[in-house]
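Now for the letters of each chain:
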Amino acid sequence: MIHSRLESGKERELSTPVYMNSGFGFEDADEMEKAFRGEKPHHVYGRWANPNTDEFVQKMCLLEGAESGFATATGMAAVFASIAGLLRSGDHMLVSASIFGTTQVLVNDWLPRFGISHSYFTAAEIDRLADFVQPNTRMIYVETPSNPGLEIFDLQLLGDFARRNQLILNVDNCFATPVLQKPLQFGAHIVTHSATKFIDGQGRVLGGIVLGDAAPMQQVIAFLKTTGATMSPMTAWILSKSLETLELRMERHCSNALAVAEFLSHHSAVEFVNYPGLPAHSGYEINQRQMKNGGALVTFGVKGGKENAVQVLNRLKMIAIAANLGDACTIATHPATSTHCKLSADEMKKAGISDNLIRLSIGLEHAADMIDDLSQALRF
Ligand SMILES: Cc1ncc(COP(=O)(O)O)c(C=O)c1O
């Protein structure tokens, strides 16, 4: 990640410069024609690609083991393009029930307007996935670990199922990052990321990326070049630099998360703890096979319902209250009243969201400081 960068120029600069331009010039009309026909590699226009987005995509392809990729303006642009670029009106998709709230709104409210229907399945229903397949099913879409339920979906099982049924397996790998989990190795065809989260890791920019096998990516890239949700050169430069430290940061995020999860699981004011790195988690065995460790998110339920959960949030001193995750600072969220507030009661239940649930995005501070803050907030 440090050395797989664009070649340096005559200044021998140690970081790739930012190419803050929208257009690119040509030697002559013939060169321009060849570039537009794709017969000569040459940047054409910033909506298509730019040296900084190229570098970021190249690094992400290396990390995920992908053949091709396209950097997008946000994570949601990546999620939308990974579906809309590959499906058409009349198609049906299987979607894991526990997904990011905005993705659920996309699936429920917007995709049906373009004739794309869906069926949700839970991790407990994965062994009878065949019952959900319809003649027009084309794609399986999953998040693992899921936001915020931290449900684990067996990627090997899904990869084999997708191959047997000629379905596209599309995985949102935002929570794990390619440092912890590489879905393409298990048979996924497409991987998406909100680069806004751990890939940036410092809460500075919005970004996303779609990666995958060359054939489906050709369509996704054509869709994105046309619809225009492209990443800016400045954002690509920041994210490319962030990748230099992603592995180190994830190690610290995850060791902190395990320490916090262990602390919470022994606390008398805590009803339950959800962390895929604890043997008590229902997806622990599967997670051991597909992810390096339990990740950087921990959720827990406060005894006494919503009232006490809100009190815990209001008492926090160091830990921030926000909707974001994957930042250097630890963040607490109440999904039922924020990130997932648009879901119905039934959808919330299926997504593993209760009124007393707090989601922690574990940061890079000392674990002892997080535990001190949680200790004082959990005094009842
Ligand atoms: C799992 C997951 N996927 C996608 C997104 C969307 O990313 P963005 O906010 O960058 O559009 C988020 C945002 O929280 C997320 O948590």
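Cut-off values and rules
- Within any chain, residue numbers begin from 1 and follow the written order of that chain's sequence.
- In keeping with the predicted nature of the model, local features appear solely for residues at pLDDT of at least 70, side-chain atom pairs appear and are counted solely at 80 or more, and the whole-chain, interface and lining totals rest on all residues.
- Axis definition: a line fitted to C-alpha atoms, over the contacting stretch in the case of helices. Angles run 0 to 180 degrees between N-to-C directions.
- Strands are runs of DSSP state E lasting at least 2 residues, helices are runs of H or I lasting at least 4, and numbering of each runs from the N terminus.
- Oblique is the label for every angle not falling under 35 degrees (roughly parallel), over 145 degrees (roughly antiparallel), or within 65 to 115 degrees (roughly perpendicular).
- Crossings are classed by handedness, with left-handed meaning an anticlockwise turn of the near helix from the far one by less than a right angle and right-handed meaning a clockwise turn.
- Residue pairs are scored as contacts if the distance between their C-beta atoms, which are placed from the backbone, is within 7 Å.
- Only Asp, Glu, Lys and Arg are considered charged in this grouping, and only Ala, Val, Leu, Ile, Met, Phe, Trp, Tyr, Cys and Pro are considered nonpolar; every other residue, Gly among them, is considered polar.
- The pairing criterion is simple: DSSP has to find at least two bridges between the two strands.
- Partly exposed residues are those whose C-beta has more than 12 but fewer than 20 other C-beta atoms within 10 Å; with 20 or more the residue is buried, with 12 or fewer it is exposed, and the C-beta atoms are placed from the backbone.

Visitor: How do you make sense of the packing of helix H9 (residues 246–265) against helix H13 (residues 367–377) when you look at a structure like this?
Guide: Packed helices, taken two at a time, are described by their axes: the angle between them and the distance between them. Running from N to C, H9 and H13 cross one another at 30°; their axes reach a closest spacing of 9 Å. Of the possible angle classes, the one that applies to H9 and H13 is roughly parallel. When you trace H9 past H13, the crossing you get is right-handed. Where H9 abuts H13, its residues Asn256, Ala259, Val260 and Phe263 lie against Ala367, Met370, Ile371 and Leu374. Of the residues contributing to the contact of H9 with H13, the split by class is seven nonpolar, one polar and no charged.

Visitor: In this structure, what is going on with the sheet that holds strand E9 (residues 297–302)? I would like to understand it.
Guide: By way of backbone hydrogen bonds, the strands of a sheet pair with one another, either parallel or antiparallel. Spatially, the five strands line up as an open sheet ordered E8-E9-E12-E11-E10, and their pairing is mixed. The sheet is open, and its two borders are formed by strand E8 (270–274) and strand E10 (320–321), each paired with just one other strand. Alignment of E10 against strand E11 (residues 331–333), held across two bridges, turns out to be parallel. Of the residues in E11, the one forming a bridge with Ile321 is Ala332.

Visitor: Honestly, the environment of His193 in this entry has me stumped. Any pointers?
Guide: Tracing the sequence through the fold places His193 in strand E6 (residues 190–194). The exposure class assigned to His193 is buried, which follows from the 31 C-beta atoms found within 10 Å. Separated by 16 residues in the primary sequence, His193 and Ile209 have C-alpha atoms spaced 5.4 Å apart. Setting aside residues no more than four positions away along its own chain, His193 makes contact with Gly75, Ala78, Asn173, Cys174, Ile199, Gly208 and Ile209.

Visitor: Explanation requested: the sheet that holds E6 in the structure shown.
Guide: With respect to topology, seven strands assemble into an open sheet ordered E1-E7-E6-E5-E4-E2-E3, the strand pairing being mixed. In the strand order of this sheet, the two ends are held by strand E1 (68–72) and strand E3 (117–121), each with one partner. Going from strand to strand, the sheet's axes swing by 20° on average, the running direction of each strand aside. Taken together, the five bridges between E1 and strand E7 (residues 208–212) define a ladder with antiparallel strand orientation.

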